[in-house]
Amino acid sequence: MVENPTGPRGPSPARARLLRTAADLFYAEGVHAVGVDRVITEAGVTRATFYRHFPGKEALVVAYLEAADRAVRAAVGEVPQEPGAAAGWLTGMTLHVADELCRPGFRGCPFINAAAEFPDPASPVRRVVREHRDWLQGVATEALRRAGHPDPPEGGRRWTALRDGAMVSGYLDDAQAARATLRDAVEELVRTR
């Protein structure tokens, strides 16, 4: 269990630096390629400070993914009730993903990347990955339901597969082509009524 990472006014500056540093390094180089000592050095904290906030590297990886999950949720917001707005929301969420593909330094989905490095489905890291993916598919399914799609669960699964494929393709192939393919495929999925 992670010790209380916050004080009376929120997260400590040292914890925030550790998370920011870990996020940058883990995303750019991979979780297993980056050791705790490097995160400590680059964050400019002591080993004792690190262990005050995180009992070990796995807890840091979990915190990194939880922060990424919160950022995605905050960026896309809630699914609107009105059918047209729900369809527009899903298109907007897709464009948010599509824009990420073309960002300098894009290295794929941090959740897919972490899952590849932590193959045990029972690990705390994979638990966070599963929770994020369940939420992501759930909101896509709900948006399709509110938009009047004939089979929202199947549509949500398709949206997730399209998103996952675009994330991998955007990293390995032509990011602009992956962006356009994702956008067009999701527009077609949303129009299915």
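That block above? That's the structure.
Remember, predicted model here, so these are calculated numbers, not experimental data.

1. A look at the pattern of salt bridges
According to the stated counting rule, one finds 15 salt bridges in the structure shown. With a closest N to O distance of 1.9 Å, D37 and R47 form a salt bridge. Here D37, found in helix α2 (residues 36-43), pairs with R47, found in helix α3 (residues 47-53); they are 10 residues apart in sequence, far enough to count as distant. Accessibility expressed as a relative area gives 41% for R47, which makes it partly exposed. Two residues, E142 and R145, come together in a salt bridge whose shortest N-O distance is 2.3 Å. A residue pair is termed a helical-turn pair when its members lie 3 or 4 positions apart in one helix, as E142 and R145 do in helix α7 (residues 124-147) at three residues. Here E142 falls in the partly exposed class, since its relative accessible area comes to 23%. What makes R145 partly exposed here is its relative accessible area of 47%.

2. A closer look at the nonpolar core
In this structure, F26, L65, L90 and M93 are the most contacted members of the largest nonpolar core, which totals 58 residues. Counting residues per element, the ones that place at least two in this core are α1 (13-29), α2, α4 (57-76), α5 (83-101), α6 (110-117), α7, α8 (152-172) and α9 (175-191). Sort the elements by how many residues they give to this core and α7 lands first, with 10 residues. Setting aside its immediate chain neighbours within four residues, F26 contacts V31, V34, V39, K57, L60, V61, Y64 and R107.

3. Thoughts on a nonpolar patch on the surface
A grouping of V168, Y171 and L172 is seen on the molecular surface, where their side chains present a nonpolar patch of about 290 Å² in accessible area. Along the chain, the position of Y171 falls in helix α8.

4. Describing the packing of α7 against α8
At their nearest, the axes of α7 and α8 sit 8 Å apart, and the two run at 130 degrees to each other. Accordingly, the angle class assigned to the pair α7 and α8 is oblique. The interaxial crossing formed by α7 with α8 has right-handed handedness. Residues R133, L136, Q137, A140, T141, L144 and R145 of α7 lie in contact with α8, whose contacting residues are P152, P153, G155, G156, R157, W159, T160, R163 and D164.

Conventions used here
Residues numbered from 1 in each chain as written. Predicted model: local features only at pLDDT ≥ 70, side-chain atom pairs only at ≥ 80, totals over all residues. Heavy atoms only, no water. Salt bridge = Lys/Arg side-chain N within 4 Å of Asp/Glu carboxyl O. Helix = DSSP H or I, 4+ residues; strand = E, 2+ residues; numbered from the N terminus. Buried < 20%, exposed > 50% of the residue type's maximum accessible area, 1.4 Å probe, protein only. Core = buried A, V, L, I, M, F, W, Y, C linked by side-chain atoms within 4.5 Å. Contact = heavy atoms within 4.5 Å. Patch = residues over 30% accessible without salt bridge, like charges linked within 9 Å, V, L, I, M, F, W, Y side chains within 5 Å. Areas by Shrake-Rupley, 256 points an atom, 1.4 Å probe, with all protein chains shown as cover. Axes fitted to C-alpha atoms, helices over the stretch in contact; angles between N-to-C directions. Parallel < 35°, antiparallel > 145°, perpendicular 65-115°, else oblique. Left-handed = near helix turned anticlockwise from the far one by under 90°.

Function-wise, these values are silent; they only describe arrangement.
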